[in-house]
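What follows is the residue order along each chain.
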Amino acid sequence: MPGRENGGENAGQGEVMTGGLWDTLWVDVNLATMVDGGAPYGAVRDGAVGISAGRLAFVGPRTSLPGVPKDLARDVRFGQGRWISPGLVDCHTHLVYGGNRAHEFEQRLAGASYEEIARAGGGILSTVTATREATEAQLLASALTRLDRILGEGVTTIEIKSGYGLDLPTELKMLRVARQLAKERPVSVRTTLLGAHALPPEFAGRPDDYIDLVCRDLIPAAAGEGLADAVDAFCETIGFTPEQTARVFDAAAAHELPVKLHAEQLSDQGGAQLAARYGALSADHLEYVSPEGVEAMARSGTVAVLLPGAFYVLKETRKPPIETLRRYGVPMAVSTDCNPGSSPVTSPLLMVNMACVLFGMTVEEALAGVTRNAARALGLSRSRGTLEVDKVADLAVWNIESPADLAYAVGANPLHEVVYAGKLESWKARKLGR
Ligand code: DI6
Ligand code: FE
């Protein structure tokens, strides 16, 4: 598949890069490398991390270092027993949008359902109106506020979807803002065109005509301008049918863009099987996925992206079938789904907690969900998601005693600092500033 990467293809640990001293060496740290198959969390106690030219040059026990620290790096940092994990990856967000839907939250508390609000013209469509009206500068400013909260919890890579424009100019505007965010902050952004998110009012009663627009105009334009790294759709009774979704996926394939899918969030549409058939990077939500859907995902290597924020906010009772996903060996990711309707969430750590408490994932699974498997859901396993030699040096440094602390303490933010592409970022200053 275009844009796909295979997981687990890295060189051995502990190699010294040629060309002299490393830029930085971290010692007096514990590592949650999140490498699969060894110790829980891929943990290395009393570890060391060497960084050279923005990449990881050494990851392993301090005792395996090929010399004394001061002879190995220009800058030696002592972590005082802190833990280092891969920078977190938030692999499913709708971060860029206009307006505010707090009133819908009140309506739902008073008994209205998400579907009822959507069918009455609220929901996604109310955000579409506000997003069409917003300038690029306004969208950027509001997205930056949310982005800073997410980055303040150790995220170094984020996926951002369009889908609140539903016309050519606004979808491209959203994607441009998403790209701009990567220039404003130390974060890697992967953009996803979600043109088939909802039916815009001007196409009421003509969903197939709108899908024509998505396939003939939106996807070619976004691909042509290099604004989209993937294509997504909402396959649902209040979204698009599997047939319409398949047309979107065909158009994506014609432009060599990998696909993802909002699948079986509110009902079983066979979306997981469809996504698998197209070799999708991920199928997301999955509360109503069938065993056949899970099996298809296992065969295609499609990641299950689980979104406990939407489950919680919509007071869903049907959980994604974690045990079945586990049994079939489907990689599970966890994400905020940050959006103004079903998941106004900017805390990936809270999602880790909820993935454990509400969905029954283990802490190790939930942390793999915001690191290794989230990177895979974005086609980035070769460069991100674990601490392994040659990967990008995106690190989160935590004030914790064990990795389980990241899931356990509700509302705490034990982030100490972040290294982005080898460079130390001062998050404390930013946290004080908000
Ligand atoms: N499912 C979701 O959870 C978001 N989009 C989707 O297809 C919600 C979008 C919204 O309510 O604004
Ligand atoms: Fe979503």
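Look up: the structure comes first, before these words.
Predicted model only: the values in this text are computed from it and were never measured. (Residues numbered from 1 in each chain as written. Chains lettered and ligands numbered in written order. Predicted model: local features only at pLDDT ≥ 70, side-chain atom pairs only at ≥ 80, totals over all residues. Heavy atoms only, no water.)

S.K.: Is there a simple way to explain the coordination of the iron ion (ligand 2) in this structure?
M.R.: Ideal values for angles at a metal depend on the geometry: 109.5 degrees with four tetrahedral donors, 90 or 180 degrees with six octahedral donors. His92 (NE2), His94 (NE2), His262 (NE2) and Asp337 (OD) make up the full set of protein donors to the iron ion (ligand 2), lying at 2.1 to 2.4 Å. Bound by 4 donor atoms, the iron ion (ligand 2) shows angles of 80 to 167 degrees at the metal and therefore irregular coordination geometry. (Donors = N, O, S within 2.8 Å, 3.2 Å for Na, K, Ca; no water. Tetrahedral: all angles 85-135°; square planar, octahedral: opposite > 155°, others 65-115°.)

S.K.: Please clarify how the site of ligand 1 should be interpreted in this entry.
M.R.: In the neighbourhood of ligand 1, 14 residues make up the surrounding shell, with Arg101, Tyr114, Tyr164, His197 and Ser342 lying closest. Here a nitrogen atom of ligand 1 sits 2.8 Å away from a polar atom, N or O, in the side chain of His197. Interatomic distance of 3.1 Å between a side-chain N/O atom of Asp337 and an oxygen atom of ligand 1. Considering ligand 1 on its own, with 320 Å² of exposed area, one finds that the protein chains cover 100% of that surface. Of the pockets mapped on this structure, ligand 1 occupies the largest cavity. Partitioning the shell around ligand 1 into residue classes produces 4 nonpolar, 8 polar and 2 charged. (Near = heavy atom within 4 Å. Polar contact = N/O pair within 3.5 Å; in protein donor to acceptor, adjacent residues only side chain to side chain. Areas by Shrake-Rupley, 256 points an atom, 1.4 Å probe, with all protein chains shown as cover. 1 Å grid on protein atoms, 1.4 Å probe; cavity = no way out; pocket = protein on both sides within 12 Å on 5 of 7 lines; lining within 4 Å. Sits in = over half its atoms within 2 Å of the grid points. Nonpolar A, V, L, I, M, F, W, Y, C, P; charged D, E, K, R; others polar.)

S.K.: Even after reading the chapter, I still don't get the layout of surface pockets, so can you show me in this structure?
M.R.: Where empty space is left becomes clear once a probe the size of a water molecule has been rolled over the atoms. In this structure, the second largest pocket spans a volume of roughly 360 Å³. For the second largest pocket, the lining is made up of 18 residues, of which Ala118, Leu125, Ala198, Leu199 and Ile238 are closest to its centre. Residue assignment for the lining of the second largest pocket shows that the elements contributing at least two residues are helix 2 (114-119) and helix 3 (124-133). Per-element accounting of the lining of the second largest pocket gives the leading share, 3 residues, to helix 2. The class makeup of the residues in the lining of the second largest pocket is 10 nonpolar, 7 polar and 1 charged. (Points joined across faces, edges and corners; volume = space filled by probe spheres on them. Helix = DSSP H or I, 4+ residues; strand = E, 2+ residues; numbered from the N terminus.)

S.K.: Looking at this model, I keep getting lost on empty space enclosed by the protein. Mind explaining?
M.R.: A full pass over the atoms with the stated rule returns 3 cavities of 30 Å³ or more. Looking at the largest cavity, its volume works out to about 100 Å³. Residue lining of the largest cavity: 14 residues in total, with His94, Tyr114, His197, Asn339 and Ser342 positioned closest to the centre. Residues of the lining of the largest cavity, tallied by class, amount to 4 nonpolar, 8 polar and 2 charged. When its volume is computed, the second largest cavity comes out at roughly 50 Å³. Residues belonging to the lining of the second largest cavity are distributed by class as follows: 9 nonpolar, 2 polar and no charged. Built from parts of two domains, the lining of the second largest cavity gets at least three residues from each of domain 1 (22-85 + 386-432) and domain 2 (88-377). (Domains from an automatic or database assignment.)

S.K.: I tried to follow the sheet that holds strand 14 (residues 415-420) on my own but got confused; where do I start?
M.R.: Strand pairing in a sheet is mediated by backbone hydrogen bonds. Such pairs are either parallel or antiparallel. Ordered by their spatial adjacency, 7 strands build an open sheet running 3-2-1-4-13-14-15, and the pairing between neighbours is mixed. Looking at strand neighbours, the two that pair on one side only are strand 3 (55-61) and strand 15 (423-425), the edges of this open sheet. Here the strands of the sheet are splayed against their neighbours by 30 degrees on average, with no regard to which way each runs. The sheet contact formed by strand 4 (residues 73-86) and strand 13 (residues 395-398) spans 4 bridges and is antiparallel. (Pairing = 2+ DSSP bridges. Axes fitted to C-alpha atoms, helices over the stretch in contact; angles between N-to-C directions.)

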